[in-house]
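What follows is the residue order along each chain.
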Amino acid sequence: MEKLIKIKVEESVFFIKAGAPLSELLRQFPQETKPILFRSNGQLLDLNHPADQERELSLIFPGDPQALEVLRHSAAHLLAHAVTDLFPGIQVGIGPAVENGFYYDFLRPTPFTPEDLEAIEKRMKEIVSLDQPIKRLVVNKEEAISIFQERGQELKLELIQEKGGSEVSLYQQGDFIDFCLGPHLPSTRYIQHFKLLSVSGAYWKGNEKGPQLQRIYGTAFFSQKELEDYLNFLEEAKKRDHRLLGQELELYSTSEDLGGGLVIWHPKGAIIRHEIETFWKEEHLKDGYEFIYSPHIAKLDLWKKSGHTEFYEAMFPPLEFEGFKYQLKPMNCPFHIVAYKSRQRSYRELPLRWAELGTVYRYERSGVLHGLLRVRGFTQDDAHIFCRGEQLEEEIKRVINLAIKLFQAFGFEDYRIYLATRPEKYVGRLEDWDKAEMALEEALKHTGLSYQVDKGEGVFYGPKIDIKIKDAIGRLWQCTTVQLDFNLAERFDLSYVGEDGSFHRPYMIHRALLGSMERFFGVLIEHYKGSFPLWLAPVQMIILPIADRHEAYAKKIQEVFKAQGLRVQVDYSREKVNKKIRQAELQKIPLMAIVGDKEVSNDSLSLRIHGRGDLGQVSLKDLLPRVKELVENKSLQINL
RNA sequence: GCCAGCGUAGCUCAGCCGGUAGAGCAGCUGAUUUGUAAUCAGCGGGUCGGGGGUUCGAAUCCCUUCGCUGGCUCCA
C-alpha cells in the first residue's frame with residue numbers, strides 16, 4: 001500500500017503518492033494555468049519536487065520577484081552548460097543570481113573573447129530550444145564526489161567537501177550536472193530572454209591569493225520587453241556617465257601628470273561646487289553648526305593616538321622632515337578632537353556641532369579608482385557633533401532632517417535608509433551601544449521615513465545610519481553616513497564637566513551628508529545628465545545675437561543680468577544662429593536668448609529653453625525678475 | 001594589487017598580413033551678416049603613451065613600463 005501525502009494547493013486539497021513529483025497536481029488545474037514554481041511556507045520549490053511531506057503550496061508565476069532570481073540562477077546553469085559544451089575540460093566555479101542578472105565563474109588558461117561570448121550565447125539558445133528538463137537529483141555525498149571526480153571538476157569537489165551534507169542535491173540538464181541547492185525552473189525552455197554582458201576576472205572564493213577565474217556576466221528576464229528595457233537602461237546609464245559629460249561640458253579633468261584619483265575642477269565644475277558649498281554652509285549655519293578649518297597633514301603621532309595607523313588601511317605613506325614624520329590626513333576627526341580638547345568643556349556648551357569641508361587623502365588601490373566616484377583626494381562635507389547622551393536622539397534627528405533638506409534642494413526625493421547595529425567585534429561599553437542604537441532608531445522613527453535595520457553591520461566603533469539616494473534612472477548612491485564613535489572619544493579621553501561637577505565622556509557623532517564633493521558631483525552629473533537646474537548651471541543663460549550689429553544690445557542685456565548675480569554669456573562667434581543654438585543646446589545651457597532686429601527694437605529677447613525649444617519673445621522687464629526668482633528659489637524646473 | 005581589454009592630432013576614431021600617418025569635429029585665418037540644433041574655403045597640428053628589442057625598415061611583431069576602462073562580498 002503506497003503512502004499518500006496531503007497537499008493543499010491554493011485552497012484545494014489533494015492526496016498524492018509519496019515521492020511523486022508535485023507537478024502532477026497541476027493536471028487538476030486548467031490548462032492555461034502554468035506556474036513555474038511552488039512556494040511552500042515561504043520557500044520556493046521546483047515544480048517536480050517530490051511529495052515528501054504535508055504541504056500547503058501556492059503557485060508562482062513569472063513576474064514574482066523571487067521567481068526572477070530562480071530564472072537567473074537557472075540562466076547561470078544554462079551558461080555553464082553551454083560553456084562546458086563548447087570548451088571541454090573547463091573547470092566550473094560558482095554561478096549565482098545577482099542583483100541585475102547572474103554570473104558564472106570558470107577556470108581556463110586562456111581568456112574568453114567577445115566572439116566566445118557570442119558563441120556561448122548561441123549555444124545557450126540551442127539548449128533552450130532543446131527544452132531539456134532541469135532535474136533535481138539527491139545523492140549521498142560519496143556519490144556526488146565520484147560524479148564530479150569523473151568529470152574532473154576539481155572546484156566543485158572542493159565545494160562539495162566543504163559544504164555538502166551527507167545528502168547532496170544536484171541539478172542536471174542534458175549532460176550538465178551542477179552541485180546546487182536549487183530551486184530551478186522546470187526546463188531550459190523557460191529561459192528565453194537573456195543576454196551575456198561582459199567577462200571579467202574574479203578570484204576563487206573572493207580570495208586574492210586563490211586562483212583567478214574568469215567570470216561571465218549576463219542578465220535574464222521573463223519577457224523580452226523587460227530585457228530590452230534593462231539593456232536600454234544600461235545604454236541610458238552610459239549616456240549619463242559623468243566621466244564623459246565631465247569632459248564634454250568641461251566640468252573637471254584628471255591627468256596622468258597628476259596621478260590617478262586626483263581631480264581638477266575646471267571653472268564650470270568649480271562654479272557648481274561653489275553653489276553647492278555656499279548652500280551647504282548656509283544650511284549648516286542655520287542648523288546651529290560652527291565651522292572649522294584644519295590642515296592637510298599632521299604629525300604621525302596624532303594618527304597613532306587615533307588608532308588610524310593600526311586599523312586604517314588606506315593611509316598614504318608618511319612624509320618625513322625635520323626629524324618628524326607627518327601624515328597626509330585620511331580623515332578630519334582627529335583635528336576636530338584636538339580643537340575640542342584645546343580647553344576644558346562644560347555640559348553647558350554641548351552639543352557642539354563642528355563642520356568642515358575637509359579635504360582628505362586615501363590610498364585607494366589603483367584598480368578601484370573610478371571617475372569622481374572613487375578618488376584618492378576628496379573633500380568630505382564632514383562634521384562632528386559632541387553631545388551628551390540625552391541629546392543623542394535629538395541630534396541624530398536633526399542630522400537626518402538636514403540631509404533630507406539638502407537632497408531635496410538637489411532634486412533627490414527618494415531615499416533608502418539603513419541602520420547598522422553592533423557587530424560581533426566592537427569597542428566600548430555594551431550599555432552605551434544599546435543606548436545609542438535606541439537613540440538612532442528613535443530618531444529614525446520620528447522622521448517618519450522607512451528604514452531597514454542591518455543587524456550586526458555597524459562599524460567596530462559604533463552604530464551608524466547610512467542613507468542612499470535614488471537618481472533619475474533609479475540607481476541608488478550611498479551618500480550620507482552618520483556614525484557614533486565610542487573609540488575616539490575613549491582614545492583621546494574626551495570629557496566635559498557635568499552639572500554634578502565631575503567629568504563625563506561626551507558622545508561623538510561623525511557625519512557626512514553629501515558624502516564628498518567629488519562623489520556627490522558625479523552623482524549630480526549623472527542624475528541631471530549634465531542638464532543642471534538653473535541655480536547650479538555654470539552658464540544660466542547665453543545670449544545669441546543674430547548678426548554683429550546686435551552684439552551691443554546682447555552685451556547690454558548681459559550686463560543687466562550679471563548685475564543681478566546671474567551667470568550670462570554672449571556668443572560672439574560669427575556663426576549662424578542655427579549653429580549658435582546647436583552649441584548652446586550641446587552645452588546644455590538652460591536658457592538661450594536670441595536677439596535680432598525685432599528684439600532690439602522693443603527691448604525684448606526671444607527665449608528658448610534647453611530641450612524644449614522656442615518660447616517666443618519676452619520683454620526684458622518681465623524676464624529678469626522671473627529668472628532671478630527661479631535661481632533664488634533653487635527651482636528644479638523652469639516655469640516661466 | 002590581481003585578471004582582461006584598450007592607449008594614433010584638443011575630441012571621436014580609421015590605418016588589413018611590417019614599407020616611415022589619415023578623416024570628421026574642435027582650433028586658427030579669410031569670406032559670408034545670417035531668425036531657432038552644424039555656411040563655405042584655406043591653414044596649422046601627431047617623435048602613433050614611455051623605454052627597449054627583432055628587422056634594411058615598426059603605429060603595426062616581441063619584451064618592459066606607465067596610464068585608462070571593466071571586474072575582483074553576495075554560499076554549491
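Calculation notes
Residues numbered from 1 in each chain as written. Chains lettered and ligands numbered in written order. Predicted model: local features only at pLDDT ≥ 70, side-chain atom pairs only at ≥ 80, totals over all residues. Heavy atoms only, no water. Helix = DSSP H or I, 4+ residues; strand = E, 2+ residues; numbered from the N terminus. Buried < 20%, exposed > 50% of the residue type's maximum accessible area, 1.4 Å probe, protein only. Contact = heavy atoms within 4.5 Å. Expected span 1.5 Å × (residues − 1). Salt bridge = Lys/Arg side-chain N within 4 Å of Asp/Glu carboxyl O. Domains from an automatic or database assignment. Near = heavy atom within 4 Å. Polar contact = N/O pair within 3.5 Å; in protein donor to acceptor, adjacent residues only side chain to side chain. Nonpolar A, V, L, I, M, F, W, Y, C, P; charged D, E, K, R; others polar. Pairing = 2+ DSSP bridges. Axes fitted to C-alpha atoms, helices over the stretch in contact; angles between N-to-C directions. Phe/Tyr/Trp six-rings, centres within 6.5 Å; stacked < 30°, edge-to-face > 60°. Lys NZ or Arg CZ within 6 Å of the ring centre and 35° of its normal. Arc of directions from axis to C-beta. Parallel < 35°, antiparallel > 145°, perpendicular 65-115°, else oblique. Left-handed = near helix turned anticlockwise from the far one by under 90°. Core = buried A, V, L, I, M, F, W, Y, C linked by side-chain atoms within 4.5 Å.

Caption draft 1: Quick peek at the side chain of Arg345. When you line up the elements, Arg345 lands in the loop between helix 10 (333-340) and strand 20 (352-361). On the basis of relative accessibility, which here comes to 6%, the residue Arg345 falls in the buried class. Non-local contacts of Arg345, meaning those with residues more than four positions away in its chain, are made with Ala339, Tyr340, Leu352, Trp354, Ser495, Tyr496 and Val497.

Caption draft 2: Highlighting helix 11 (residues 392-409). For helix 11, which comprises 18 residues, the first-to-last C-alpha distance of 26 Å matches the rise-based estimate of 26 Å (1.5 Å per residue) to within 8%. Those residues of helix 11 that sit buried are Leu392, Glu395, Ile396, Lys397, Val399, Ile400, Leu402, Ala403, Ile404, Leu406, Phe407 and Ala409. Trailing helix 11 by a residue or two, Gly411 shows a phi angle of about 90°, which is positive.

Caption draft 3: Structural context of the pattern of salt bridges. With the rule as written, the count across this model stands at 46 salt bridges. A salt bridge links Glu499 to Arg388; the nearest nitrogen and oxygen atoms lie 3.8 Å apart. Within this pair, whereas Glu499 is found in the loop between strand 26 (496-497) and strand 27 (503-504), its partner Arg388 is found in the loop between strand 21 (377-387) and helix 11, the two being separated by 111 residues in sequence. The network of salt bridges with common partners includes Asp85, Arg123 and Glu126.

Caption draft 4: Focus on the domain arrangement of chain A. If you check the domain split of chain A, you get domain 1 (4-60), domain 2 (65-239), domain 3 (252-294 + 332-528) and domain 4 (541-632). The straight-line distance from the C-alpha centre of domain 1 to that of domain 4 is 69 Å.

Caption draft 5: Just unusual backbone geometry, in detail. The peptide bond linking Leu350 to Pro351 adopts the cis configuration, its omega dihedral lying at 0°. Tracing the sequence through the fold places Pro351 in the loop between helix 10 and strand 20. Unlike most non-glycine residues, Asp493 shows phi in positive territory, near 50°. As for its placement among the helices and strands, Asp493 is situated in the loop between helix 13 (486-491) and strand 26. Judged by its relative accessible area of 47%, Asp493 falls in the partly exposed class. Backbone geometry places Asp603, a non-glycine residue, at a positive phi of 55°. Tracing the chain through its elements places Asp603 in the loop between helix 17 (597-602) and strand 32 (604-609).

Caption draft 6: The protein's contact with RNA strand B, seen in detail. The local shell around RNA strand B holds 50 residues, among which Phe179, Ser200, Ser366, Arg582 and Glu599 are the closest. Backbone sugar and phosphate groups make up 50% of those atoms of RNA strand B lying within 4 Å of the protein. Contact between RNA strand B and Ser606: a base nitrogen at 3.2 Å from a side-chain N or O atom of the residue. One nitrogen or oxygen atom from the side chain of Asp614 is found 3.5 Å from a base nitrogen belonging to RNA strand B. At seven residues, helix 16 (residues 577-586) tops the list of elements feeding residues into the surface near RNA strand B. Of the residues that constitute the surface near RNA strand B, the class distribution is 17 nonpolar, 13 polar and 20 charged.

Caption draft 7: Highlighting the pairing of strand 8 (residues 101-107). With six of seven residues buried, strand 8 is to be regarded as a mostly interior element. Across two bridges, strand 6 (residues 91-92) lies against strand 8 in antiparallel orientation. Bridge pairing in strand 8 places Val92 opposite Phe106. Inspection of the sheet shows strand 7 (residues 97-98) paired to strand 8 by two bridges, in the antiparallel sense. Note that in strand 8 the partner of Ala97 across the bridge is Phe102. Connecting strand 7 to the next strand, strand 8, in antiparallel fashion are two residues. By the bridge criterion, five bridges tie strand 8 to strand 13 (residues 212-221) in an arrangement that is antiparallel. When the bridges of strand 13 are listed, Phe106 appears paired with Gln214.

Caption draft 8: Region of the structure containing the sheet that holds strand 28 (residues 507-516). Judged by pairing direction, the sheet is mixed, and its eight strands sit side by side in the order 16-20-21-28-25-24-22-23 without closing on themselves. On the outer flanks of this sheet lie strand 16 (290-291) and strand 23 (451-454), each paired with one strand and no other. Bridge count for strand 22 (residues 415-420) against strand 23 is four bridges, and the pairing is parallel. Note that in strand 23 the partner of Leu419 across the bridge is Val453. In the packing of helix 10 onto the sheet, contacts are made with strand 20, strand 21 and strand 28, and the angle to strand 20 comes to roughly 145°. Against the sheet, helix 14 (residues 517-528) makes contact with strand 20, strand 21, strand 24 (464-470), strand 25 (476-484) and strand 28, and its axis sits at roughly 40° relative to strand 28, the strand it touches most.

Caption draft 9: The arrangement of the packing of aromatic side chains in detail. Inspection of the entire model under this criterion finds 25 aromatic pairs. Both rings, one in Trp354 and one in Phe386, keep their centres 5.8 Å apart while their planes meet at 70°; by these two values the pair is edge-to-face. Here the residue Trp354 occupies a position in strand 20, and Phe386 occupies one in strand 21, the gap between them amounting to 32 residues. The pair formed by Trp354 and Phe386 is uniform in burial state, with each residue classed as buried. A cation over a ring is seen here: Arg273 above Trp265, with NZ or CZ 4.7 Å from the ring centre. Directly above the ring of Tyr426 sits Arg422, whose terminal nitrogen or CZ lies 5.1 Å from the centroid.

Caption draft 10: Inspection of the environment of Ile191 at higher detail. With respect to the helices and strands, the residue Ile191 is situated in the loop between strand 11 (176-179) and strand 12 (193-203). Here the alpha-carbon distance between Ile191 and Arg608, two residues 417 residues apart in the chain, equals 49 Å.

Caption draft 11: Main features of helix 16. Every buried residue of helix 16 is listed here: Lys580, Ile581, Ala584 and Glu585. Along the axis of helix 16, the buried residues cluster in a sector spanning 135°; they form a single face. Along helix 16, the residues that are exposed and aim more than 90 degrees away from the buried face are Asn578 and Arg582. Looking at the buried side of helix 16, the elements it contacts are strand 29 (541-545), strand 31 (591-595) and strand 32. Within two residues after helix 16, Lys588 carries a phi angle of roughly 60°, on the positive side.

Caption draft 12: Spatial organisation of the packing of helix 11 against helix 12 (residues 430-447). One way to put it is that helix 11 packs onto helix 12 with a least axis distance of 8 Å and a crossing angle of 45°. What the angle tells us is that helix 11 and helix 12 run oblique. Taken as a pair, helix 11 and helix 12 cross one another with a handedness that is right-handed. Side by side, helix 11 and helix 12 meet where Leu392, Glu393, Ile396, Lys397, Ile400 and Asn401 of the first sit next to Ala436, Ala439, Leu440, Glu442, Ala443, Leu444, His446 and Thr447 of the second. A per-class count over the contact of helix 11 with helix 12 returns eight nonpolar, three polar and three charged.

Caption draft 13: Up close: the nonpolar core. Core analysis: the largest hydrophobic core is formed by 88 residues, its most contacted members being Phe407, Phe410, Ile465, Phe520, Phe532 and Phe561. The greatest single-element share of this core, amounting to 10 residues, is contributed by helix 11. The contact partners of Phe561, leaving out residues within four places of it in the chain, are Met541, Leu566, Val568, Leu620, Leu623, Leu624 and Val627. Within the second largest apolar cluster, 35 residues are counted, among which are Ala67, Leu68, Met124 and Leu196.

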